[in-house]
Amino acid sequence: MSIIEQFRSSRSRIIVTWVLALGLCVPLVVSHAQAQEIEEETDPPEIANGERLFLETRFAQFFKTFLDNGGDTNALLPSGDPSLDKTVNWQNLPEQFVDGPFAGLSMNCRSCHLVDEIGVEADGTINYGMRTYTDFARRSPIPQREDGKTVTARNSPPLVNAALPRSNFFLHFDAEFPTMVDLVKGTLTGRNYGWVPGELAEAIAHVARIIREDDGKGELAGEFGYLSYTTLLTGTDPNIPGDFVLPEEFRVDVVNASDQELFQAVARLIAAYTEDLVFSQDDDGNFNLSPYDAFLQTNGLPQQPRKWESDIAYSKRLLRKIEKLEYRGHLQFISQNPNTEDGAFEFHPTQAFVFGEQELRGLKIFFTSKSHRLQPGKLAQGGIGNCIACHAAPNFTDFKFHNTGIAQAEYDGIHGDGAFVRLDIPRLIRRNSHPNEYLPATEQHPHSREPYRAIPTPENPQLTDLGVWNIFLNPDYPKSQGRIWRTLCEEVLRDHFRPFSFIRFCRPNQLLSTAIARFKTPGLRDLEHSAPYTHTGQIDTLEDMIRSYIKNASLTRSGDLRNGDSRLSRIGLTDEDITPLVLFLKSLNEDYS
């Protein structure tokens, strides 16, 4: 199997078909090979072609340099980008890193969004394991340029479920992108692909050149019908296989199109592919491959909210139903995977497919909330996770922005306790009057120092990451402003619900201060395949993640967490709660592939 075939096969999902037998819904198990065949047969052409572009390695600035030095668009690089030589794994020492799946090539989307490229070899070579379209690094390696950066500012987030529909749609930890197309454009022309601010036009022209000059004869093209991009994107050649004939809305006349039009077409196709990356769902839209989901199905419990019911209201209703069944002695636990022949996980070899008493206890802790602020003396009771305040079922994220203390923890870990509280952070007028001094580098301000979207270092105490603060009310990101403003204002009004609070608390300066160190809430499904955790990538285990919440909840109650989310103050956990909570979180794992 070629390396490109491995990339394609890694996207196949286990598909479970339900048949009616004796009045019961019974799972019909489909083999991994059959699932792959079914998936490839049913992928719409825009998704199949989007996958090819997702894997394309010639859009990077490194390849542009090769062309500038006399290289051919359809030739192999004499040597690849060194940042891709090894696959960084936070669990291993550098000398233990394995060869990267894209060694010898230049950057593509898949370099930071892996699945099973580092898989089990026939000779028993140690593999890294599965991923949910993320990598194994605390912060992802990026091509070296004159700015001296070698890794991303943040941990690479999983793409699976990233594009689930919701109000106030945002992408990235800081709401930089309001649509998936915008995210793709920013990636193809951004630092991850080796482009520095000020090179936007050059990057777009390079992508367009690759599209125009591609001859359709490379290894990647071979896995997608040996079609040139000109033939593929124009979409009118009668010899194009049916699986690759693009709908008219995705086509572009490559010969006559401008660079911008070609760039837009590429971004739309990659976006179509990434938007299709979701955890397995049945025909009714219910997630269905984790022990938690099997537990709900077996007990006839609702798996998603009613129409017009909020996720939090649904989560509370679900907890009441579970407790009612438990009180009556009617709860049924899960001890086998209904989707596999042996009843085990396929891609979680060290975990049993179980939802038992401990997982149930963790569920109740996770779903238990209190409306009042907890006092330090009441914490010993434990059992109050208040997790659904930000991670309500069924998606286990509210897709909003919260400061849970992660940025402060990393900063204080370098500069000492209380350092982040004392950090000088400019207010709106000062910040926007000096964009090169305080704001992120952009095409409009390519020489900005971006100290507040940076990795903290011992040498420079001004460097930290303030999340949404960098984007909100920043004129270089006009498309995101209305949605961020609404989201932050809703959060402020929730905390300060009294007459005229809108006028008092939703003014620009007040909202900017509430944006400090806020980051988008991640989903919690299949967490084992996306460690290490948080936007800093500094937390290795779920146990340590829960301990950080216990600590930061205490800091919030004492007033020592700068701009800490008020929901943290309502967490009441003890060490005895950690194990059941972890087991519940692991019950959200599934065999995504």
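Everything below is about the structure printed above this text.
Residues numbered from 1 in each chain as written. Predicted model: local features only at pLDDT ≥ 70, side-chain atom pairs only at ≥ 80, totals over all residues. Heavy atoms only, no water.

**Student:** Would you explain the packing of aromatic side chains in this entry?
**Tutor:** Applying the stated criterion to the full structure yields 22 aromatic pairs. Relative to Phe-333, the ring of Phe-295 has its centre 6.5 Å away and its plane inclined at 15°; by these criteria the two rings are stacked. Pair noted here: Phe-295 is in helix α10 (residues 291-298) and Phe-333 is in the loop between α11 (311-328) and α12 (357-367), with a separation of 38 residues, a long-range link. Take Phe-295: its relative accessible area is 0%, and that puts it in the buried class. We classify Phe-333 as partly exposed; its relative accessible area is 36%. With centroids separated by 4.9 Å and ring planes inclined at 55°, the aromatic side chains of Phe-345 and Phe-353 adopt a geometry described as tilted. Across the pair, exposure class does not vary: Phe-345 and Phe-353 are buried alike. Members of the aromatic cluster, connected to one another through ring pairs, are Phe-54, Tyr-133, Tyr-273, Phe-279 and Tyr-592. (Phe/Tyr/Trp six-rings, centres within 6.5 Å; stacked < 30°, edge-to-face > 60°. Helix = DSSP H or I, 4+ residues; strand = E, 2+ residues; numbered from the N terminus. Buried < 20%, exposed > 50% of the residue type's maximum accessible area, 1.4 Å probe, protein only.)

**Student:** Please explain the nonpolar core as it appears in this structure.
**Tutor:** Nonpolar side chains tend to gather and get buried jointly when the protein is soluble and globular. Counting residues in each nonpolar core, the largest one holds 67 residues, and the members touching the most others are Leu-53, Phe-59, Tyr-133, Leu-188, Tyr-193, Ile-211 and Val-266. Secondary-structure elements contributing two or more residues to this core are α3 (45-55), α4 (61-68), α5 (180-188), α6 (200-213), α8 (229-234) and α9 (259-275). The element contributing the most residues to this core is α9, with 10 residues. Leu-53 has contacts with Phe-59, Ile-211, Tyr-229, Val-266, Leu-269 and Ile-270, leaving out every residue within four places of it along the chain. Ala-294, Ala-531, Phe-584 and Leu-588 belong to the second largest nonpolar core, which has 50 residues in total. (Core = buried A, V, L, I, M, F, W, Y, C linked by side-chain atoms within 4.5 Å. Contact = heavy atoms within 4.5 Å.)

**Student:** Would you mind showing me how to read α10 here?
**Tutor:** Residues spaced three or four apart along an α-helix point in a common direction, a consequence of the helix completing one turn every 3.6 residues. Counting buried positions along α10 gives 6 out of 8 residues, so the element sits mostly inside the fold. By the burial criterion, the buried members of α10 are Pro-291, Tyr-292, Asp-293, Ala-294, Phe-295 and Leu-296. For α10, the elements touching its buried residues are α11, α12 and α21 (578-586). Residue Gly-300 follows α10 closely and has a positive phi angle near 65°.

**Student:** Is there a simple way to think about a positive patch on the surface in this case?
**Tutor:** A contiguous patch of positive charge on the surface is contributed by Arg-306, Lys-316, Arg-320, Lys-321, Lys-324 and Arg-328. Looking at where Lys-316 falls in the secondary structure, it is placed in helix α11. According to the relative accessible area criterion, Lys-316 is partly exposed, its value standing at 38%. (Patch = residues over 30% accessible without salt bridge, like charges linked within 9 Å, V, L, I, M, F, W, Y side chains within 5 Å. Areas by Shrake-Rupley, 256 points an atom, 1.4 Å probe, with all protein chains shown as cover. Salt bridge = Lys/Arg side-chain N within 4 Å of Asp/Glu carboxyl O. Lys, Arg positive; Asp, Glu negative; His and termini not counted. Charge placed at Lys NZ, Arg CZ, Asp CG, Glu CD.)

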